[in-house]
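The chain contents come next:
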Amino acid sequence: SGSTSELVQFTSPVTSTCASPDGQLCAFSTAAPQIILWNLNENRSVNVIEVDYQVSAISFGTDNKELFSGSIDGKIQVYKTETGELARTFSPHEGKVLSLSLDHSGGHIASASMDGSVVVSNQYTGARVYDFGINVLHATIQEGNLELRFSPGGDLYIHLGHHQSYVLNGKDGRVTLEEKEKSF
């Protein structure tokens, strides 16, 4: 049996959380707006990043050196975890970013937005690689039943709820609809 301890007390509601791929760090975004980076091994804050807009989705880069944030203004901002410095910004959406997923093997980031779009971008340049389309997912996104996940092989699973998922093949860009339950 293990012991538990209180991680941190927040003075503002938490809007998103994620753990780093190696399990060393956890990131919390708050309505303040800020992002708090927490070292799970040392049980302490290692950085607090003040941001311009409330963050609604966050995801670590492969090596823990970068943190990707999606915000209510539709932008994705990338911060250096050690310094909190803003490394780059790109704007794939017109509305609030709801979900982010990084393809750790292929250099892509997928993002979904309240504007009804799902976009796959190059995580280094922000260039669009694939745009899933604004009308296809609008109703589902508005209901909030959406989850994005890249597989280790680079396929993007877009789970829409109600046992319906789209799969974007990472090798040829082919999209298929799967009418079965997916667990993430």
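Conventions adopted
Residues numbered from 1 in each chain as written. Predicted model: local features only at pLDDT ≥ 70, side-chain atom pairs only at ≥ 80, totals over all residues. Heavy atoms only, no water. Helix = DSSP H or I, 4+ residues; strand = E, 2+ residues; numbered from the N terminus. Contact = heavy atoms within 4.5 Å. Areas by Shrake-Rupley, 256 points an atom, 1.4 Å probe, with all protein chains shown as cover. Pairing = 2+ DSSP bridges. Axes fitted to C-alpha atoms, helices over the stretch in contact; angles between N-to-C directions. Buried < 20%, exposed > 50% of the residue type's maximum accessible area, 1.4 Å probe, protein only. Polar contact = N/O pair within 3.5 Å; in protein donor to acceptor, adjacent residues only side chain to side chain. pLDDT = per-residue confidence, 0-100. Salt bridge = Lys/Arg side-chain N within 4 Å of Asp/Glu carboxyl O.

*Asks:* How should I be thinking about the overall build of the protein chain in this particular structure?
*Replies:* A tally of helices and strands in the protein chain yields one helix and 16 strands. Within the protein chain, contacts between residues at least 6 apart in sequence are counted, and of these 32% link residues at least 24 apart. Within the structure as shown, the protein chain displays about 9,400 Å² of accessible surface, and the carbon and sulfur contribution to it stands at 46%.

*Asks:* I keep staring at the sheet that holds strand β6 (residues 66-71) and nothing clicks. Help me out?
*Replies:* Adjacent strands of a sheet pair through backbone hydrogen bonds, lying either parallel or antiparallel. As summarised here, the arrangement of the four strands in space is β5-β6-β7-β8, forming an open sheet in which the pairing is antiparallel. Taken across any chain shown, the strands that pair with only one partner, and hence form the sheet edges, are β5 (55-60) and β8 (86-90). On average, each strand axis in the sheet is inclined to that of its neighbour by 20°, with strand direction left out of account.

*Asks:* Where do I start with the environment of R44 in this structure?
*Replies:* By the element assignment, R44 lies in strand β4 (residues 44-50). Residue R44 is classed as partly exposed on the basis of its relative accessible area of 40%. Separated by 19 residues in the primary sequence, R44 and L25 place their C-alpha atoms 9.9 Å from one another. Reaching out from R44, the side chain makes a polar contact with the side chain of E42 at a distance of 2.5 Å.

*Asks:* Help me out: how do you make sense of the confidence of the model for the protein chain in this one?
*Replies:* Segments scoring low in pLDDT should not have their predicted coordinates read at a detailed level. Within the protein chain, residue pLDDT values average 81, and 77% of them lie at 70 or more. Note on residues 179-184: pLDDT under 50 across the span, and 13 contacts to partners over four residues away in sequence or across chains.

*Asks:* Please explain the side chain of H93 as it appears in this structure.
*Replies:* Tracing the chain through its elements places H93 in the loop between β8 and β9 (97-103). Since its relative accessible area comes to 4%, H93 is described here as buried. A polar contact is formed between the side chain of H93 and the side chain of S111, at a distance of 2.6 Å. Within the structure, H93 has its side chain in polar contact with the side chain of S117 (distance 2.7 Å). Contacts of H93, omitting those with residues within four sequence positions, involve D73, G74, S111, A112, S113, D115, S117, V119 and R128.

*Asks:* Even after reading the chapter, I still don't get the pairing of strand β7 (residues 76-80), so can you show me in this structure?
*Replies:* Remark: a regular strand shows side chains that alternate across the two faces of the sheet. Counting buried positions along β7 gives four out of five residues, so the element sits mostly inside the fold. Sheet topology places β6 next to β7; five bridges connect them, and they run antiparallel. Its bridge partner lying in β7, G70 is registered against I76. Sheet analysis places β7 next to β8, joined by four bridges and oriented antiparallel.

*Asks:* What is the right way to look at the sheet that holds strand β2 (residues 25-30) in this model?
*Replies:* Spatially, the four strands line up as an open sheet ordered β1-β2-β3-β4, and their pairing is antiparallel. The open sheet terminates on both sides in strands that have one partner only, identified here as β1 (14-19) and β4. Pairwise comparison of adjacent strand axes, ignoring direction, gives a mean angle of 20° for this sheet. Across five bridges, β1 lies against β2 in antiparallel orientation. Counterpart to T17 in the pairing with β2 is F28.

*Asks:* What's the story with the pattern of salt bridges in this structure? I'm lost.
*Replies:* A pair can form between side chains of opposite charge whenever their charged atoms are brought close. One pass over the full model with this rule turns up four salt bridges. The salt bridge partner of E42 is R44, with a shortest N-O separation of 2.5 Å. With a closest N to O distance of 2.8 Å, R88 and E66 form a salt bridge. Highlighted residues: R88 in strand β8 and E66 in strand β6, separated in sequence by 22 residues. Of the residues examined, E66 reaches a relative accessible area of 18% and is grouped as buried.

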